[in-house]
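What follows is the residue order along each chain.
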Amino acid sequence: MARAVKRAFRFRFYPSSEQACELARTFGCVRLVYNMGLQARTEAWTLRQERVNYNATSSMLTAWKKTDDLAFLNEVSAVPLQQALRHLQFAFTNFFAKRARYPSFKSKKKSRRSAEYTTSGFRYRDGRLTLAKMAEPLNIVWSRPLPEGAKPSTVTVSQDAAGRWFVSLLCDDRIEQAPAPSPAVGVDAGLDSLLTLSTGEKVVNPKHERRDRAALAKAQRNLAKKETGSANRAKARLKVARVHARITDRRRDHLHKLTTRLVRENQTIVVEDLTVRNMVTNHSLARAISDAAWRQFRTLLEYKADWHGRNLVVVDRWFPSSKLCSACGALAERMPLNMRSWTCRCGTVHDRDVNAARNILAEGLSVIACGGGIRPQRTNVRTGRSSVKQETQRATAGIPRL
């Protein structure tokens, strides 16, 4: 049995000088239109208590193109400009639904350089992709084939901080849903071991950032010595970005392989609800937590479990997975971080992480038995702050898991 899904296929490409200039203009126009639309909607609400929707901003775009100051907007394809306004509408929809913060303006230096094209803005024939306003197709490195007979519905072109160009094609795909060899597994995230499974297996933390820390520090010192605005500073900034890109690529590749394996081997996967945003406020562990990329792991696991028809259960972050004996259910009074193994009063000797993973699995199965899914979040009544993983919250009381 197969399931139909929308899937993005990302490839690297090498534009000609003319294509690079055209895309750079398009990126700038997309950012400008987004910011002008955001300013118009903000002023309309602040001054007149009026809500402006996508149709109104689309009409504004037509008027902007007719002015002398913004006539250059006609030089690029209209499709990515309209898509920018649709993205703005989606951002406001999430804001009013309390799923996100108020939309912010896109910075020239910090925002992602990208443009999205729908079917009217590109031509895809015989494995050759040509964007609007371009005479020649993009020189794409097809590192893997697209699904047989698939035609892209959306094309997104982007450039990262390291200067690399990427194109992402959204296509219809069919995911084969094979039966899983294992019924369920519990997963405990950590820093010493990236993941510990309820089966007793421990996945070593590659610590990608630490491996390149010396090279990164050297590139950053070289950047700090360059004069602001000089060509040499731009070259040094590019070298720093390339080190970051190498770290990011290795981390993403490792997490993709890890999550794919978990989804293919287990029908039910139980994980802990970790608030990474709160955890990184602990300056002793912020760098290690960011390098572990628990949030990215959770995101990949969620959509892959949905693709393959697996059950993903998230237990409450307040659940005392480390302090609870998985054999008799007794709760230890205290569990400092330097205690990596402990003996329960029932006589069972526990590995801290394996015991936590087994407790997470048992809690997840009980949630399923009660007909639940993701348990509601709770707030610490004494501090008024959301709770975080116990081991990280009390890191200063013991030895960090680095």
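The rules behind each value
- Residues numbered from 1 in each chain as written.
- Predicted model: local features only at pLDDT ≥ 70, side-chain atom pairs only at ≥ 80, totals over all residues.
- Heavy atoms only, no water.
- Salt bridge = Lys/Arg side-chain N within 4 Å of Asp/Glu carboxyl O.
- Buried < 20%, exposed > 50% of the residue type's maximum accessible area, 1.4 Å probe, protein only.
- Helix = DSSP H or I, 4+ residues; strand = E, 2+ residues; numbered from the N terminus.
- Pairing = 2+ DSSP bridges.
- Axes fitted to C-alpha atoms, helices over the stretch in contact; angles between N-to-C directions.
- Contact = heavy atoms within 4.5 Å.
- Domains from an automatic or database assignment.
- Buried area = accessible area lost by both parts, 1.4 Å probe.
- Polar contact = N/O pair within 3.5 Å; in protein donor to acceptor, adjacent residues only side chain to side chain.
- Nonpolar A, V, L, I, M, F, W, Y, C, P; charged D, E, K, R; others polar.
- UniProt positions renumbered as here; feature names shortened; annotations may be inferred.
- Phe/Tyr/Trp six-rings, centres within 6.5 Å; stacked < 30°, edge-to-face > 60°.
- Lys NZ or Arg CZ within 6 Å of the ring centre and 35° of its normal.
- Core = buried A, V, L, I, M, F, W, Y, C linked by side-chain atoms within 4.5 Å.

**So, the pattern of salt bridges**
Part 1 of the reasoning: Tallying each qualifying case throughout the model produces 22 salt bridges.
Part 2 of the reasoning: Linking Glu302 and Arg295 is a salt bridge whose minimum nitrogen-to-oxygen distance equals 3.9 Å.
Part 3 of the reasoning: Since its relative accessible area comes to 42%, Arg295 is described here as partly exposed.
Part 4 of the reasoning: Notably, a salt bridge pairs Asp353 with Arg340, separated by 3.2 Å at the nearest N-O pair. Here the residue Asp353 occupies a position in helix α10 (residues 352-369), and Arg340 occupies one in the loop between β12 (311-315) and β13 (341-343), the gap between them amounting to 13 residues.
Part 5 of the reasoning: When its relative accessible area of 4% is taken as the criterion, Asp353 is described as buried.
Part 6 of the reasoning: Accessibility expressed as a relative area gives 27% for Arg340, which makes it partly exposed.
Part 7 of the reasoning: Salt bridges here are not isolated pairs; linked through shared partners, they connect Asp273, Arg295, Arg298, Glu302 and Arg317.

**Concerning the sheet that holds strand β10 (residues 202-204)**
Part 1 of the reasoning: Judged by pairing direction, the sheet is mixed, and its 5 strands sit side by side in the order β10-β9-β8-β11-β12 without closing on themselves. Pairing within the sheet leaves two strands with one partner each, and these edge strands are β10 and β12. Neighbouring strand axes in the sheet, compared pairwise and without regard to direction, differ in orientation by 25 degrees on average.
Part 2 of the reasoning: Here strand β8 (residues 182-189) pairs with strand β11 (residues 266-272) via 4 bridges, running parallel. The residue of β11 that forms the bridge with Ser182 is Asn266.
Part 3 of the reasoning: Sheet contacts for helix α9 (residues 294-307): β8, β9 (193-197), β11 and β12; angle to β12, the most-contacted strand, approximately 145 degrees.

**A closer look at the domain arrangement of the protein**
Part 1 of the reasoning: Splitting the protein by domain gives domain 1 (2-176) and domain 2 (182-370).
Part 2 of the reasoning: Carbon and sulfur atoms make up 49% of the area that domain 1 and domain 2 hide from each other, which totals about 840 Å².
Part 3 of the reasoning: The interface formed by domain 1 and domain 2 includes 2 salt bridges.
Part 4 of the reasoning: For Arg164, the salt bridge is made with Asp249, and the minimal N-O distance between the two is 2.7 Å.
Part 5 of the reasoning: Here domain 1 is connected to domain 2 by 3 residue pairs in polar contact (both at pLDDT 80 or more).
Part 6 of the reasoning: At the level of secondary structure, the elements contributing two or more residues to the side of domain 1 that touches domain 2 comprise β1 (2-13) and β7 (165-176).
Part 7 of the reasoning: Of the residues forming the side of domain 1 that touches domain 2, the biggest block, 5 residues, is contributed by β1.
Part 8 of the reasoning: Of the residues contributing to the side of domain 1 that touches domain 2, the split by class is 4 nonpolar, 1 polar and 7 charged.

**Notes on the UniProt feature "domain: Cas12f1-like TNB" (unreviewed entry) in the protein**
Part 1 of the reasoning: When the UniProt feature table is mapped onto this chain numbering, "domain: Cas12f1-like TNB" (unreviewed entry) sits at residues 294-360.
Part 2 of the reasoning: Helix makes up 34% of residues 294-360 and strand 16%, with an end-to-end C-alpha separation of 16 Å.

**Focus: the sheet that holds strand β2 (residues 113-118)**
Part 1 of the reasoning: Taken in spatial order, the 5 strands line up as β2-β6-β7-β1-β5 in an open sheet, and their pairing is antiparallel. Each end of this open sheet is capped by a strand with a single partner; those strands are β2 and β5 (140-141).
Part 2 of the reasoning: As paired strands, β2 and strand β6 (residues 154-159) are joined by 6 bridges and run antiparallel to one another. The residue of β6 that forms the bridge with Arg113 is Gln159.

**As for the packing of aromatic side chains**
Part 1 of the reasoning: Per the counting criterion, the structure on display carries 9 aromatic pairs.
Part 2 of the reasoning: Summarising the aromatic geometry, the rings of Phe95 and Tyr102 are spaced 5.1 Å apart at their centres and angled 90 degrees between planes, so their arrangement reads as edge-to-face.
Part 3 of the reasoning: Three or more aromatic residues joined by ring pairs form one cluster here, namely Phe92, Phe95, Phe96 and Tyr102.
Part 4 of the reasoning: One cation-aromatic arrangement involves Arg51 over Trp45; the distance from NZ or CZ to the ring centre is 5.7 Å.
Part 5 of the reasoning: Cation over ring: Arg51 sits above Phe96, and NZ or CZ is 4.0 Å from the ring centre.

**Some remarks on the nonpolar core**
Part 1 of the reasoning: Within the largest apolar cluster, 39 residues are counted, with the highest numbers of intra-cluster contacts made by Leu23, Leu131, Val155, Val157 and Val167.
Part 2 of the reasoning: Of all elements in the fold, only β1, α1 (17-48), α2 (54-65), α3 (78-96), β2, β4 (128-131), β6 and β7 reach the threshold of two or more residues within this core.
Part 3 of the reasoning: The element that contributes the greatest number of residues to this core is α1, accounting for 8 residues.
Part 4 of the reasoning: Those residues in contact with Leu131 that lie beyond four places of it in its chain are Leu23, Tyr117, Gly121, Phe122, Leu138, Val155 and Val157.
Part 5 of the reasoning: Formed by 26 residues, the second largest nonpolar core is a distinct cluster that contains Val203, Val271, Leu300 and Leu301.

**As for the pairing of β4**
Part 1 of the reasoning: Of the strand pairs in this sheet, strand β3 (residues 122-125) and β4 are connected by 4 bridges, and their pairing is antiparallel. Within the sheet, the bridge partner assigned to Arg125 lies in β4 and is Arg128.
Part 2 of the reasoning: Linking β3 to β4, which pair antiparallel, is a turn of 2 residues; within it Asp126 sits at a positive phi near 50 degrees.

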